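# Examining the three-dimensional arrangement
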Amino acid sequence: FDGDQCGTAEHVDVGSQPQDLSIALNSPELVLVATDSGVVLLNGLKLLSSIKLGFSVTASAISPNGDEAILGAQNGKLHIYSIAGDTLTEEAVLEKHRGAITVIRYSPDVSMFASGDANREAVVWDRSSREVKINNMLYHNARLNCLAWSPDSSMVATGSLDTSVIIYEIDKPASARMTIKGAHLGGVYGVVFSDESTVISSGEDGCVRSWILTQ
């Protein structure tokens, strides 16, 4: 930056419109870009591979060390791939969602991942067994736009077009949720934990709000 001006940006042509982008946190030069028909793997500005898939990709996540990718599909399926160099190998397909996948996030301890869909459902998965860890996370009334994990991996917050933020505790049933109704007029489009007891959200109303969680 120079004052309020940005410098010249470098770019990489990924071939088609990006749908999602995910960075391997422990190897931040490794980037997974999802397009409508496949994925592109980058190492910095170097294109490692461009892979066409047999389904429409709507969301993606790459593991912190860059050895696994999860791709969400328009049909609600989650495709898990191992990554070795520039090669992706499909390892499993998970079926639980009934709408297009909108968001996927690994837990900070990498023992779990969470996914959300356009049919208002969130799912927390055990990464090792690939089984559902929390059932019936169906308390939003519209599309899930975003989700986030607490730093200690004990909670998941979800934000929705229905204007609400919902916080689920991993060791409790989904019915024990905390709900922030009317968090943002027009819908919630961003959510993040700043610490174990504070959630930051943003929305269609142009506001950013901080919420202190109390038991």
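Residues numbered from 1 in each chain as written. Predicted model: local features only at pLDDT ≥ 70, side-chain atom pairs only at ≥ 80, totals over all residues. Heavy atoms only, no water.

## Brief notes about the overall build of the chain
Each helix and strand in the chain was counted, giving zero helices and 19 strands. Oriented by its inertia axes, the alpha-carbon framework of the chain measures out at about 50 × 45 × 30 Å. With 215 residues in all, the chain has 48% of them scored as buried. Restricting the contact set of the chain to residue pairs at least 6 apart, pairs at least 24 apart contribute 37%. As presented, the chain carries roughly 10500 Å² of accessible surface, and 48% of it is formed by carbon and sulfur atoms. On the chain, the mean spot of the 15 positive side-chain charges and the mean spot of the 26 negative ones are 9 Å from each other. (Helix = DSSP H or I, 4+ residues; strand = E, 2+ residues; numbered from the N terminus. Buried < 20%, exposed > 50% of the residue type's maximum accessible area, 1.4 Å probe, protein only. Contact = heavy atoms within 4.5 Å. Areas by Shrake-Rupley, 256 points an atom, 1.4 Å probe, with all protein chains shown as cover. Lys, Arg positive; Asp, Glu negative; His and termini not counted. Charge placed at Lys NZ, Arg CZ, Asp CG, Glu CD.)

## Considering the sheet that holds strand E3 (residues 38–43)
Within the open sheet, the four strands sit side by side as E1-E2-E3-E4. Their pairing is antiparallel. Edge positions in the sheet fall to strand E1 (18–23) and strand E4 (46–52), since each has one partner strand and no second. Between one strand axis and the next, the sheet turns by 20° as a mean value, whatever way the strands run. As paired elements, E1 and strand E2 (residues 30–35) share five bridges and run antiparallel to each other. (Pairing = 2+ DSSP bridges. Axes fitted to C-alpha atoms, helices over the stretch in contact; angles between N-to-C directions.)

## Section: the environment of Ile 200
Within the secondary structure, Ile 200 sits in strand E18 (residues 198–203). Put simply, Ile 200 and Ile 212 are 12 residues apart on the chain and 9.0 Å apart in space, counted from C-alpha to C-alpha. For Ile 200, the residues in contact, after removing those within four places along its chain, are Gly 190, Val 191, Val 192, Ser 194, Val 208, Arg 209 and Ser 210.

## Details of the state of the cysteines
Summed over the entire model, instances satisfying the criterion amount to zero disulfides. Unpaired in this structure, Cys 146 has its nearest cysteine sulfur neighbour in Cys 207, at a distance of 15 Å. (Disulfide = S-S within 2.5 Å.)

## Some details on a negative patch on the surface
A cluster of acidic residues, Asp 109, Asp 152, Asp 195 and Glu 196, forms a negative patch on the protein surface. Relative to the elements of secondary structure, Asp 109 occurs in the loop between strand E9 (101–106) and strand E10 (112–117). (Patch = residues over 30% accessible without salt bridge, like charges linked within 9 Å, V, L, I, M, F, W, Y side chains within 5 Å. Salt bridge = Lys/Arg side-chain N within 4 Å of Asp/Glu carboxyl O.)

## Focus on the layout of surface pockets
The gaps left among the atoms become clear once a water-sized probe is rolled over them. Reported here for the largest pocket is a volume of approximately 500 Å³. Along the wall of the largest pocket there are 24 residues; nearest its centre are Leu 25, Ile 104, Arg 105, Tyr 106 and Trp 149. When residues of the lining of the largest pocket are traced back to their parent elements, those giving at least two are E1, strand E5 (57–62), E9, strand E13 (144–149) and strand E17 (188–195). Residue composition of the lining of the largest pocket, by class: 17 nonpolar, five polar and two charged. (1 Å grid on protein atoms, 1.4 Å probe; cavity = no way out; pocket = protein on both sides within 12 Å on 5 of 7 lines; lining within 4 Å. Points joined across faces, edges and corners; volume = space filled by probe spheres on them. Nonpolar A, V, L, I, M, F, W, Y, C, P; charged D, E, K, R; others polar.)

## Focus on the pattern of salt bridges
Under the defined criterion, the tally for this structure stands at five salt bridges. Here Arg 209 ties to Asp 205 by a salt bridge, and the two come within 2.8 Å at their closest N and O atoms. Assessed through its relative accessible area of 27%, Asp 205 is described here as partly exposed. Taken together, the shared-partner salt bridges in this structure form one network comprising Asp 67, Glu 68 and Arg 127.

## Some thoughts on the pairing of E4
In this structure, E3 lies alongside E4, joined through six bridges in antiparallel fashion. Paired with Leu 42 across the strands is Leu 47, a residue of E4.

## Looking at the sheet that holds E13
Adjacent strands of a sheet form backbone hydrogen bonds with each other and so pair up, either parallel or antiparallel. Strand order in the open sheet formed by four strands is E13-E14-E15-E16, with antiparallel pairing between adjacent strands. Edge positions in the open sheet fall to E13 and strand E16 (178–180), since each of these has one partner strand only. Across the sheet, the mean angle separating the axes of adjacent strands is 20° when strand polarity is ignored. Sheet topology places strand E14 (residues 155–160) next to strand E15 (residues 165–169); five bridges connect them, and they run antiparallel. Paired with Met 155 across the bridge in E15 is Glu 169.

Distances and angles like these do not, on their own, reveal function.
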